[in-house]
Amino acid sequence: TGAGPAGSLDGTFDARMASGTFYGRPFDSARMSGTYQRGDEARFDRAEIRRGSGVVRMTGRYGFSPPFPWDLDVSFAGVSLRDAGLPGGEWAGSASGTATLRGSFEHPDVRFAANGDGVSLRGMPLGTLQVGGTAKEKQLVVTGGADGLRFEAEATLEGRIPFRARADLALDDVARF
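This is a predicted model, so every value here is computed, not measured.

A. A look at the sheet that holds strand β11 (residues 124-136). Read across the sheet, 12 strands follow the order β1-β2-β5-β6-β7-β8-β9-β10-β11-β12-β13-β14 without closing on themselves; strand pairing throughout is antiparallel. Single-partner strands in this sheet number two, and they are β1 (2-3) and β14 (163-169). As paired elements, strand β12 (residues 139-146) and strand β13 (residues 149-156) share eight bridges and run antiparallel to each other. Across the sheet, T143 pairs through a bridge with E152, a residue of β13.

B. Local environment of unusual backbone geometry. In this structure, P67 follows P66 across a cis peptide bond, with omega equal to 10°. Checked against the element boundaries, P67 lands in the loop between β7 (54-63) and β8 (70-80). Even without a glycine there, the phi angle at Y23 is positive, about 50°. Residue position: Y23 is located in the loop between β3 (20-22) and β4 (25-27). Not every positive phi belongs to a glycine, and F68 is a case in point at roughly 55°. Considering the arrangement of structural elements, one finds F68 in the loop between β7 and β8. We classify F68 as partly exposed; its relative accessible area is 36%.

C. A look at the nonpolar core. A42, F44, A47, W70, L72, V74, A99, L101, V110 and A135 together form the largest nonpolar core, which totals 10 residues. Sorting the residues of this core by element identifies β6 (41-51), β8 and β9 (91-103) as the ones contributing at least two each. Those residues in contact with A99 that lie beyond four places of it in its chain are L72, D73, V74, R111 and F112. Among the nonpolar cores identified, the runner-up in size contains eight residues, and W91, V119, L129 and L149 belong to it.

D. Seen up close, the environment of L101. Summarising the element assignment, L101 is placed in strand β9. Spatially, the C-alpha atom of L101 lies 8.0 Å from that of V74, the residues being 27 residues apart in sequence. Setting aside anything within four residues of it in sequence, one finds L101 in contact with W70, D71, L72, V74, D109 and V110.

E. Region of the structure containing the pattern of salt bridges. For the structure on display, the rule yields 19 salt bridges. Taking the shortest distance from any N to any O, the salt bridge between D28 and R51 comes out at 3.4 Å. Here D28 is found in the loop between β4 and β5 (29-37), whereas its partner R51 is found in strand β6, with 23 residues between them in sequence. For D28, a relative accessible area of 37% translates into the label partly exposed. For the salt bridge of D71 with R61, the shortest nitrogen-to-oxygen distance reads 4.0 Å. One end of the pair, D71, is in strand β8; the other, R61, is in strand β7, with 10 residues separating them in the sequence. With a relative accessible area of 26%, D71 lands in the partly exposed category. Residue classification places R61 among the partly exposed positions, given a relative accessible area of 25%. Shared partners join several salt bridges into a network, and the residues in it are E41, R43, R61, D71, D73 and R102.

Each value, and the rule that gives it
Residues numbered from 1 in each chain as written. Predicted model: local features only at pLDDT ≥ 70, side-chain atom pairs only at ≥ 80, totals over all residues. Heavy atoms only, no water. Pairing = 2+ DSSP bridges. Helix = DSSP H or I, 4+ residues; strand = E, 2+ residues; numbered from the N terminus. Buried < 20%, exposed > 50% of the residue type's maximum accessible area, 1.4 Å probe, protein only. Core = buried A, V, L, I, M, F, W, Y, C linked by side-chain atoms within 4.5 Å. Contact = heavy atoms within 4.5 Å. Salt bridge = Lys/Arg side-chain N within 4 Å of Asp/Glu carboxyl O.

Here it is in structure tokens:
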């Protein structure tokens, strides 16, 4: 529903979708509801995408005018790592976690934390995996660990993407890797 001048509508929305793709990743169903104000901002009371037993939920607001500001809280549970399309090769297992997105695409302030169960990468079992980090402006910081493994990395998200990374392996677990 909507009311007001065409360039400055106020209103509500409630949408349900069957299967489709979102940023090239398949989903089984989706739903969103909320309000829009002055035609330049959507407030999401509920936004949800489901795939198999996994679900991603979001609340917050998103601006339609430059610099396209966002203030979003995201949670996810039971998300298949195979379906997530992560870089680095074939992933297996599932993930749950949270993320907050503040700022805008040009000036992001993102914080995230996730736990993975039964995680493997290219057939190499990692078991339970924890990862967290921030992306502030052009700087990305990631830390995490799994059984016998700890890692941390920093990268600049521009140019040739210079980075620094470190991993520590427990000697008892070297053969597994």
